[in-house]
2 protein chains.
Amino acid sequence: MNDLFNELEEKIQYKFKNRNLLKIALTHSSYANEHNLENNERMEFLGDAVLELSVSKYLYNNDKHDEGILTKTRAKLVCEQALNIYASKFDFAKYIFLGHGEEATGGRTRKAIIADALEALLGAIFLDSDFNTVCNIVYELFIPYIDLALENKDYKSILQEKLQSEKRNIRYEIVSEEGMPNDKTFEAVVYMDDIIMGRGIGKSKKEAEMASAKNALEKEAR
Amino acid sequence: MNDLFNELEEKIQYKFKNRNLLKIALTHSSYANEHNLENNERMEFLGDAVLELSVSKYLYNNDKHDEGILTKTRAKLVCEQALNIYASKFDFAKYIFLGHGEEATGGRTRKAIIADALEALLGAIFLDSDFNTVCNIVYELFIPYIDLALENKDYKSILQEKLQSEKRNIRYEIVSEEGMPNDKTFEAVVYMDDIIMGRGIGKSKKEAEMASAKNALEKEAR
């Protein structure tokens, strides 16, 4: 168990003073019930608010949109799906303690279990240190994907606005798809009327389209 | 304007390094529009998350209920109505900058305006200092009322559980009501079957009932 803790601490670049907090954060209720331990649900309650404030601070400082847009963007960045994206980047699911039944029925791939445990991990770091420390860890672990989400939104809307004012039509097309089912790469092109304006790749169709929009804008700027 | 800022800083026991942050926090969009200034809406977005984490931390440390109950209690403690209770305790509404039209149509008593500005104030303190500082201010300003909410919930549920196990019926009755419309005091009694078990007073009917439940439990304990 200590090896797993060391490995996880190495990945998140944080060493717990009180490892019991880390253990609780990783303890799903199914494991807690089997071993008569405290589960991670109360810590998830706390971590949820830690994540919310970390992301809010980041958006306040880096996104100049009004409050309505910020609220929508925040909801997107702290939702179950987003948490699963962040978690997948450091293979977080393997560290969760699951009961036998839950393990047997695929609990380790269940999005709610993974998202809740990741929030609990943030709650545990917060209790073990302070807000600034956990906020910086959120930024280290999540920012590349937060930036992507923000960037994507900007590039698509910028391109859309730009081309609408010129009364041109745009459409996106996925032109290739490579790799294993759980690790695909897509390539997209964006057409203006019938001319290819940009190309981009990404780990999802949407990401690839966004990258192609960015590429088109970069070409325009030159 | 500086006199008002000094007075507010004195009340919240926090001196801004950057008073421009305080000014933005107090600037409602109606005033911002009239004077071409930044309004407090983005800061409210941030302050909302500051309040959420402050209250979450408090509940995590002081309320041993499970996550479902904590989530419900948190929602109650950060809602518009709760924010208006906190704000009324230090006459916060008077410090908000309102446009002429908004002022003329009663904006200074509008619950949403007051709640939003109070959240923005927390956002401003957070930006000017750090999470610990603003969290302690939340505790100083709000805790007496947070505790009341928690206490109330406990007394009512404790009495309810206690009497249900004894198969007794309870009912509450408001027996008096005194004072001006905006500053009333209520008195409640709680009956077990047809016997008065406790009496209590409060600033609302609910508060009075809660106090009577507490009184009933205290009598039981003797």
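An account of the accompanying structure is given in this report. Note that this is a predicted model, so its numbers are computed, not measured. (Residues numbered from 1 in each chain as written. Chains lettered and ligands numbered in written order. Predicted model: local features only at pLDDT ≥ 70, side-chain atom pairs only at ≥ 80, totals over all residues. Heavy atoms only, no water.)

**Remarks on the interface of chain B and chain A**
Stage number 1. With 27 residues of chain B at the contact, the number on the chain A side is 27 residues.
Stage number 2. For the chain B and chain A pair, buried surface summed over both sides reaches about 2500 Å², with 68% attributable to carbon and sulfur atoms.
Stage number 3. If you sort the residues of chain B by the area they bury against chain A, Arg42, Phe45 and Tyr60 of chain B come out on top, with a joint share of 36%.
Stage number 4. Across the contact surface, chain B and chain A share two salt bridges.
Stage number 5. Where aspartate 48 of chain B meets arginine 74 of chain A, a salt bridge forms, and the shortest distance between an N and an O atom there is 3.3 Å.
Stage number 6. Run the count over chain B and chain A and you get 10 residue pairs in polar contact (both at pLDDT 80 or more). (Contact = heavy atoms within 4.5 Å. Buried area = accessible area lost by both parts, 1.4 Å probe. Salt bridge = Lys/Arg side-chain N within 4 Å of Asp/Glu carboxyl O. Polar contact = N/O pair within 3.5 Å; in protein donor to acceptor, adjacent residues only side chain to side chain.)

**A short note on the sheet that holds strand S2 (residues 185-192) of chain A**
Strand pairing in a sheet takes place through backbone hydrogen bonds and is either antiparallel or parallel in direction.
Residue and element names in this part refer to chain A.
Stage number 1. If you trace the three strands from one edge of the open sheet to the other, you get S1-S2-S3, paired in antiparallel fashion. Edge positions in the sheet fall to strand S1 (170-178) and strand S3 (195-202), since each has one partner strand and no second. The mean angle between the axes of side-by-side strands here comes to 20°, regardless of whether they run parallel or antiparallel.
Stage number 2. Relative to S2, S1 is paired through eight bridges, and the arrangement is antiparallel. Its bridge partner being in S2, tyrosine 172 is matched across the sheet by valine 190. (Pairing = 2+ DSSP bridges. Helix = DSSP H or I, 4+ residues; strand = E, 2+ residues; numbered from the N terminus. Axes fitted to C-alpha atoms, helices over the stretch in contact; angles between N-to-C directions.)

**Regarding unusual backbone geometry**
Residue and element names in this part refer to chain B.
Stage number 1. The backbone of glutamine 13 sits at a positive phi, close to 55°, despite the residue not being glycine.
Stage number 2. Counting through the fold element by element, glutamine 13 comes out in the loop between helix H1 (2-12) and helix H2 (19-25).
Stage number 3. Residue classification places glutamine 13 among the exposed residues on the basis of a relative accessible area of 62%.
Stage number 4. Positive phi, normally seen in glycine, also occurs at aspartate 193, with a value near 50°.
Stage number 5. Locating aspartate 193 in the fold gives a position in the loop between strand S2 (185-192) and strand S3 (195-202).
Stage number 6. Given the relative accessible area of 34%, aspartate 193 is considered partly exposed. (Buried < 20%, exposed > 50% of the residue type's maximum accessible area, 1.4 Å probe, protein only.)

**Side note on the environment of phenylalanine 142 of chain B**
All names here are of chain B.
Stage number 1. Secondary-structure assignment places phenylalanine 142 in helix H9 (residues 131-165).
Stage number 2. Look at phenylalanine 142 and you get buried, because its relative accessible area is 0%.
Stage number 3. For the pair phenylalanine 142 and leucine 83, spaced 59 residues apart in sequence, the C-alpha separation works out to 8.8 Å.
Stage number 4. If we ignore the near neighbours within four places in the chain, the residues touching phenylalanine 142 are Leu51, Tyr86, Leu118 and Leu122.

**Things to note about the packing of helix H4 (residues 41-62) of chain A against helix H5 (residues 67-77) of chain A**
Residue and element names in this part refer to chain A.
Stage number 1. With their axes 10 Å apart at the nearest point, H4 and H5 run at an angle of 135° to one another. Between H4 and H5, the angle is such that the two are oblique. Where H4 crosses over H5, the handedness of that crossing is right-handed. Every residue of H5 that contacts H4 at Glu52, Val55, Ser56 and Leu59 is listed here: Leu70, Thr73, Arg74 and Leu77. (Parallel < 35°, antiparallel > 145°, perpendicular 65-115°, else oblique. Left-handed = near helix turned anticlockwise from the far one by under 90°.)

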